[in-house]
Amino acid sequence: MKDQSGIAVLSVILCIAIMASLAAAVLNLERQSHQIVVQGRNDLKSQSIVEAALIQTVAGMLERNPKLRWKADGPPRHLDIYNVGVVIAVRSENNRLDINTATKSAWLQTLKSSGLSMELADRLTDQILDWKDENQLARLNGAERSAYIADDRSRFPANRLFTHVTELAAILNMTPELLTCLLPSLTLHSGKSEPKGSFNSTALIKKAFGNPKVPTPAHVTQGQAYSVSISFQNESSRPNNKVEIIIRLTGDKKKPFWIHEWREARESFYFGDQTQLCPGLQEASKKL
Ligand SMILES: [Ca+2]
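What you are looking at is a predicted structure, and each value in this text was computed from that prediction instead of being measured. Residue numbers here run from 1 along each chain, matching the order of that chain's written sequence. Per-residue local features of the predicted model are confined to residues with pLDDT of at least 70, and side-chain atom pairs are confined, for both listing and counting, to 80 or more; whole-chain, interface and lining totals are unaffected and use all residues.

Thoughts on the overall build of the protein
Alright, step 1. Every helix listed is a DSSP run of H or I at least four residues long, and every strand listed is a run of E at least two residues long, numbered separately from the N terminus. In terms of helices and strands, the protein carries 9 helices and 9 strands.
Alright, step 2. The 288 residues of the protein split such that 34% are buried.
Alright, step 3. Residue pairs at least 24 apart in sequence account for 65% of intrachain contacts in the protein once pairs closer than 6 positions are excluded. Burial is judged by counting other C-beta atoms within 10 Å of a residue's own C-beta: 20 or more means buried, 12 or fewer means exposed, and anything between counts as partly exposed, with every C-beta placed from the backbone. Here contacts are defined at the residue level, using C-beta atoms placed from the backbone and a cut-off of 7 Å between them.

Quick word on the nonpolar core
Alright, step 1. To define a nonpolar core, we join buried Ala, Val, Leu, Ile, Met, Phe, Trp, Tyr and Cys residues through C-beta atoms within 7 Å and take the resulting set. Ile99 and Leu186 are the most contacted members of the largest nonpolar core, which has 25 residues in total.
Alright, step 2. When residues of this core are traced back to their parent elements, those giving at least two are α4 (104-113), α5 (118-132), α7 (176-182) and α8 (203-209).
Alright, step 3. Once you skip the residues sitting within four places of it in the chain, Ile99 turns out to touch Phe162, Val165, Leu168, Leu186 and Leu188.
Alright, step 4. Listed in part, the 24 residues of the second largest apolar core include Ile49, Val58, Met61 and Phe232.

Observations concerning the sheet that holds strand β8 (residues 241-249)
Note on sheets: strands pair through backbone hydrogen bonds, and any given pair is parallel or antiparallel.
Alright, step 1. A sheet is described by the order of its strands in space; here 5 strands give the open sequence β2-β3-β7-β8-β9, paired in antiparallel fashion. The open sheet has two free edges, formed respectively by β2 (77-81) and β9 (257-264), since each of these has just one partner strand. If you compare each strand with its neighbour and ignore which way they point, the axes differ by 25° on average.
Alright, step 2. Here the rule is simple: two strands pair whenever DSSP picks up at least two bridges between them. In this structure, strand β3 (residues 84-92) lies alongside strand β7 (residues 225-232), joined through 7 bridges in antiparallel fashion. Opposite Ile88, over in β7, you have Ile230 as the bridge partner.
Alright, step 3. Helix α3 (residues 44-61) rests against β2, β3, β7, β8 and β9 of the sheet, and its axis sits at about 45° to β3. Whenever a helix is involved, its axis is fitted only over the stretch in contact; in every case the axis is a line through C-alpha atoms, and angles between N-to-C directions fall within 0 to 180 degrees.

What to know about unusual backbone geometry
Alright, step 1. Although it is not a glycine, Asp73 sits at a positive phi angle of roughly 70°.
Alright, step 2. Examined against the element boundaries, Asp73 turns out to sit in the loop between β1 (71-72) and β2.
Alright, step 3. You will see that Tyr82, though not glycine, has its phi angle at about 50°, which is positive.
Alright, step 4. The residue Tyr82 is located in the loop between β2 and β3 in this model.
Alright, step 5. Owing to 12 C-beta atoms within 10 Å, Tyr82 belongs among the exposed residues under this scheme.

Points about the packing of α4 against α5
Alright, step 1. With their axes 9 Å apart at the nearest point, α4 and α5 run at an angle of 135° to one another. Overall, the two elements α4 and α5 adopt an arrangement that is oblique. α5 is crossed by α4, and the crossing has right-handed handedness. Facing Lys104, Trp107, Leu108, Leu111 and Lys112 of α4, the residues of α5 in contact are Met118, Ala121, Asp122, Leu124, Thr125, Ile128 and Leu129. Throughout this description, any angle smaller than 35 degrees is read as roughly parallel, any larger than 145 degrees as roughly antiparallel, any in the 65 to 115 degree range as roughly perpendicular, and the remainder as oblique. Should the near helix be turned anticlockwise from the far one by less than a right angle, the crossing is termed left-handed; should it be turned clockwise, right-handed.

Some words on α5
Alright, step 1. To estimate the expected span of a helix, subtract one from its residue number and multiply by 1.5 Å. For α5, with 15 residues, the first-to-last C-alpha span of 22 Å sits near the 21 Å given by 1.5 Å per residue.
Alright, step 2. Within the sequence span of α5, burial applies to Ala121, Asp122, Arg123, Leu124, Thr125, Asp126, Gln127, Ile128, Asp130 and Trp131.
Alright, step 3. Where α5 is buried, its residues meet α4.

Quick notes on the confidence of the model for the protein
Alright, step 1. Per residue, pLDDT measures the predictor's confidence, with a range of 0 to 100. Considering every residue of the protein, the mean pLDDT works out to 84; 77% of them sit at 70 or more.
Alright, step 2. Every residue in residues 35-41 is under pLDDT 50, and counting partners more than four places away or in other chains gives 6 contacts.

As for α3
Working note: α-helix, 3.6 residues per turn, so residues spaced by three or four point in the same direction.
Alright, step 1. For α3, with 18 residues, the first-to-last C-alpha span of 26 Å sits near the 26 Å given by 1.5 Å per residue.
Alright, step 2. By the burial criterion, the buried members of α3 are Ile49, Val50, Ala53, Leu54, Ile55, Thr57, Val58 and Met61.

Re the environment of Val90
Alright, step 1. Among the structural elements, Val90 can be located in strand β3.
Alright, step 2. You can call Val90 buried: it has 24 C-beta atoms within 10 Å.
Alright, step 3. In the structure, Val90 is positioned 33 residues away from Thr57 in sequence and 8.2 Å away in space, judged by C-alpha atoms.
Alright, step 4. Excluding its chain neighbours within four sequence positions, the residues that come into contact with Val90 are Thr57, Met61, Trp70, Ala72, Tyr226 and Val228.

Put into structure tokens, the structure is as follows:
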């Protein structure tokens, strides 16, 4: 009995230590890199709910018992945190197109599926690839610095990897309508050559890369990036609180995860309507 109770106490202490390290990681990272949260979230209760939800989510993803461990890409979870109902969805960033590592064919497939003609999809793909490759040699349908100068642009191809998905706005033939359509399907964090179409993918990714009809929860993997979307209603604050946090599980016990991005509702791409394929885009694409 003594041994068993000793193991139980040790287990509790270990659990508390993990939770404390997760909490410290969240607070540290938030202080370091999320001024927007500090500026925009004056409601301390809402902030506490988001932090608690994130800690519970990561703790669930790191749960030692495989049967209890949280999976990704399944139905959303409903938790009660500080007497507030919170909905949490964990999605693999592999469900999105990585704008730095996607192949030409993956871009073409995505852009064609968004409703662009083959010709327009081909042009934009070459322009996107020209923007991020190191050289100044324009591809067949692409554009380098001289094309931007001829179009009176003040921003020119960076000739390096993208640093944020919204950087695509500066591409020569990108339109705000097309970018709005694409953003929920894009990432910087999968490192894959093409996305995986899962039940939780956007309508665009499903159309381009597979269209599963039922949720297929997947085991989480150390080293991979995940989107954690958290939404809840807190009576004492704004009617709808929505936050999307992109994290990466590190496999390091001292720093179990990193936060890549922390998006408030207005800039979170996962809270838009993802069941529709870019309404109105056909009209917008005629301007290209
Ligand atoms: Ca280039």
